[in-house]
Amino acid sequence: MYRPLLMEFVEDHDPPEDKRLVLELNLFWWRVLYDVSENESVSFVEDFCGERKQGLKQNPLMKSWLGEWEKATPKLYYIGEKFGANAFAAVDMMTDETVDVVLIDRKVKEPEQGSIAVGTLIPMGDALYFPVTGFYCFDPEVSKEIARPLLYHYKKELVESPVLEGFVHVLSIALQMERIILEKTTPSSPLKSP
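My aim in this report is to walk through the structure given alongside it, one point at a time.

Cut-offs applied
- Residues numbered from 1 in each chain as written.
- Predicted model: local features only at pLDDT ≥ 70, side-chain atom pairs only at ≥ 80, totals over all residues.
- Heavy atoms only, no water.
- Buried < 20%, exposed > 50% of the residue type's maximum accessible area, 1.4 Å probe, protein only.
- Helix = DSSP H or I, 4+ residues; strand = E, 2+ residues; numbered from the N terminus.
- Arc of directions from axis to C-beta.
- Contact = heavy atoms within 4.5 Å.
- Axes fitted to C-alpha atoms, helices over the stretch in contact; angles between N-to-C directions.
- Parallel < 35°, antiparallel > 145°, perpendicular 65-115°, else oblique.
- Left-handed = near helix turned anticlockwise from the far one by under 90°.
- Nonpolar A, V, L, I, M, F, W, Y, C, P; charged D, E, K, R; others polar.

Right, let's get into helix α1 (residues 3–13). By the burial criterion, the buried members of α1 are L6, F9, V10 and H13. On an axial view of α1, the arc spanned by its buried residues comes to 95 degrees, and they lie on one face. Buried residues along α1 sit in contact with α2 (20–38) and α7 (163–185). Following α1 by one or two positions, D14 adopts a phi angle in the positive range, close to 45 degrees.

Following both chains from N to C, one finds helix α6 (residues 140–160) and α7 inclined at 155 degrees, their axes separated by 9 Å at the closest point. What the angle tells us is that α6 and α7 run roughly antiparallel. By crossing handedness, the relation of α6 to α7 is classed as right-handed. Side by side, α6 and α7 meet where V142, E145, I146, P149, L150, H153, Y154, E157 and L158 of the first sit next to V163, G166, F167, H169, V170, I173, A174, M177, E178, I181, L182 and K184 of the second. Residues belonging to the contact of α6 with α7 are distributed by class as follows: 14 nonpolar, 3 polar and 4 charged.

The next thing to look at is unusual backbone geometry. One non-glycine residue, D14, adopts positive backbone phi at about 45 degrees. One non-glycine residue, D96, adopts positive backbone phi at about 65 degrees. Looking at the element boundaries, D96 is found in the loop between β2 (87–92) and β3 (98–102).

Listed below in C-alpha cells is the structure:
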C-alpha cells in the first residue's frame, strides 16, 4: 500500500544507490507515524494493549514504554562523539537536545561523527535511545554544506506545517541539496535524467 508512494519519493530524489533502501525504510516509518498522527481513531499501541490486556496488567512498564513508541517522530540529527562500541551522541537539529543512541542491530551502519543523519529514535530507558531502522546519513562533507540552509528550512517548515509534514519537506530539500553537491564533486559520473 505505501511502497509505490515511497518509491516515487525515492526515485524523484535519486539518492546514491547504497542509500536507497535505508531511505525507503525511514520513509516507511515516517508514513506509519504520519497515519497514526492524522487518524485519532487509529492507535497501534492501544490496539496492541487492548488485545493483550491481561499480560500487560502484570507489566505496566511495558505498556508505558509502548506508549512512548507512538510518540516517536523522524528527525534530523547532528552526529556527535562516539562512546563505546556501538553508541554515540546525537543532537536533535530542531531542539538542540542531545540524546545517547545505542545501535542494537550490529548490521545497522553507524553514522560518522560530524554528519547529519535522518532517523526515528525510540526510548530504551536510562536516557538511551535506539533507531527503529538504520539512519539515512549525509556524508560529513555534504553535511557541512547543507547544515545551515537545512536548519533554516527545518525551522521555517515546522512553523508553517505540522511536524511530520514539515519533516518530509525538509528531507526533500536535504536530498536535493545532497544530489547537487554530489553531482558537483563527481563530474565524471553520468547524470540521470529526471
